[in-house]
Amino acid sequence: MTTVPDEPDATDDGSEVVLDLGSLTARVERRDDEARAAALERQDSLVRPPGSLGRLEELAAWLAGAQGSSSTRPLDRVRVVVFAGDHGIAQEGTSAYPPEVTAQLVRTVLAGRATVNVLADVAGATVRVLDMAVDADLSDLPGDISRHKVRRSSGRIDIEDALSFDEAITAVRAGIAVADEEIDAGADLLVTGDIGVGSTTPAATLVGLLTRSDASLVTGRGAGIDDQRWMRKCAAVRDAMRRGRPVLGNQVELLATVGGADLAATTGFLLQAAARRTPVLLDGVVTAACALVAQRASFRATDWWLAGHRSTEPAHVLALDRLGLEPVLDLGLSLGEGAGALLALPLLRAAGRSLADVATHDEAGV
């Protein structure tokens, strides 16, 4: 059954009642811990020394718990969803690249020539890219690309809101709808990705707010900025955090104030995947920031997420620690796009096969 949040109620003066992301999470349940425990027990019956595959055995048990089985099923349809959006804060010299790059990257992904396409092909996954707030007219591309577009670029979060409240709701609903579309089409594992100039600034802001960390501790180098740009970025994160503190109690308002359309959509996507018991392989700092917001709405949702890697962004380290997620890989990546998650995908597949296909002592007569 597909769950889409109700339209917000109207007050007597015609204004809308604040909608909290908690209203989207009534169906989020814990993963099947009995299945996970059974998978761990099965590990001990296989023809290899117990614990000899190290972390792979934990990954297999996580997948078994998400699939609700003592063994694991093959991951036959892994779908990467990349949410794209620009951020007004990049106009203040906090990013290494101009906003025009985002539109170019969307076109490159659609042509199948971006890093995410290559890594997805290697890992046996397919890619979908969506324009949520790219600062360009992409109407010449196939209609699905911009079908959920909220606006051209999110606002400059150090002095203004990223989105209006209604835009934030629209973006969250878009993420929910996209998750439903992919799951209804048969996706058995989802991978999150992001493209957007300036996106690590709102991500750092959200992580700083939700982990109560100083701006200097969550501000990273993004796509490779120099010291001067880092100082400007740090000041922007500091000012954005100041603006975000009064709305920490409501996740939609928080995303509207210091997030962005791409981040709001990713948050809705993560929550709906959890509500529909579909595992998600998380990518970098942008996805982790959205996961932190989603966790505030439903602590159970983290059961359905696996951290693909740890990036070079300091906010990513803090976010993963708060989420209680141990990344599969640590390769010094800072790309985004879903790259780190896709590199972890073959290991997750191997873990699942090592549980499902290796003979037990009884089967092998050992």
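Each value, and the rule that gives it
- Residues numbered from 1 in each chain as written.
- Predicted model: local features only at pLDDT ≥ 70, side-chain atom pairs only at ≥ 80, totals over all residues.
- Heavy atoms only, no water.
- 1 Å grid on protein atoms, 1.4 Å probe; cavity = no way out; pocket = protein on both sides within 12 Å on 5 of 7 lines; lining within 4 Å.
- Points joined across faces, edges and corners; volume = space filled by probe spheres on them.
- Helix = DSSP H or I, 4+ residues; strand = E, 2+ residues; numbered from the N terminus.
- Nonpolar A, V, L, I, M, F, W, Y, C, P; charged D, E, K, R; others polar.
- Pairing = 2+ DSSP bridges.
- Axes fitted to C-alpha atoms, helices over the stretch in contact; angles between N-to-C directions.
- Buried < 20%, exposed > 50% of the residue type's maximum accessible area, 1.4 Å probe, protein only.
- Arc of directions from axis to C-beta.
- Contact = heavy atoms within 4.5 Å.
- Salt bridge = Lys/Arg side-chain N within 4 Å of Asp/Glu carboxyl O.

A. A look at the layout of surface pockets. Each pocket or cavity is described by its volume, and for the largest pocket that value is around 520 Å³. What lines the largest pocket is a set of 30 residues, among which Gly196, Ser199, Ala223, Ser334 and Leu335 lie closest to the centre. Contributing elements (two or more residues each) for the lining of the largest pocket: helix H3 (100-110), strand S3 (189-195), helix H6 (200-211) and helix H11 (285-297). Considering each element in turn, the lining of the largest pocket owes the most residues, three residues, to H3. Counted by class, the lining of the largest pocket contains eleven nonpolar, 14 polar and five charged residues. Its volume calculated, the second largest pocket comes out at about 280 Å³. Taken together, 15 residues make up the lining of the second largest pocket; nearest its centre are Arg31, Trp62, Leu306, Gly324 and Leu325. Of all the elements in the fold, those that place two or more residues in the lining of the second largest pocket are helix H2 (55-67) and strand S5 (305-307). Ranked by residues supplied to the lining of the second largest pocket, first place goes to H2 with four residues.

B. Layout of the sheet that holds strand S1 (residues 78-85). Spatial ordering of the open sheet is given by S2-S1-S3-S4-S5, a layout of five strands whose pairing is parallel. The outermost strands of the open sheet, each flanked by one partner alone, are strand S2 (125-133) and S5. When strand polarity is set aside, the average angle formed by the axes of neighbouring strands in this sheet is 25 degrees. The sheet contact formed by S1 and S2 spans eight bridges and is parallel. Along S2, the bridge assignment pairs Ala84 with Asp131.

C. Just helix H12 (residues 314-323), in detail. Every buried residue of H12 is listed here: Ala315, His316, Ala319, Leu320 and Leu323. For H12, the buried positions fall inside an angular range of 130 degrees around the axis, keeping them on one side. Where the residues of H12 are buried, they touch H6, helix H7 (215-218), H11 and S5. Gly324 lies just past H12 and shows a positive phi near 75 degrees.

D. Structural view of the pattern of salt bridges. Across all of its chains, the model carries 27 salt bridges by this definition. Here Arg79 ties to Glu182 by a salt bridge, and the two come within 2.8 Å at their closest N and O atoms. Here Arg79 is found in strand S1, whereas its partner Glu182 is found in helix H5 (residues 165-184), with 103 residues between them in sequence. Each member of the pair Arg79 and Glu182 is classed as buried. Between Asp161 and Arg243 there is a salt bridge, and its shortest N-O distance comes to 2.5 Å. Here Asp161, found in the loop between S2 and H5, pairs with Arg243, found in helix H8 (residues 227-244); they are 82 residues apart in sequence, far enough to count as distant. Given a relative accessible area of 37%, Asp161 falls into the partly exposed group. Several salt bridges converge on common partners, so that one network encompasses Arg77, Arg79, Arg128, Asp144, Arg147, Glu181 and Glu182.

By themselves, these observations are geometric and do not establish any function.
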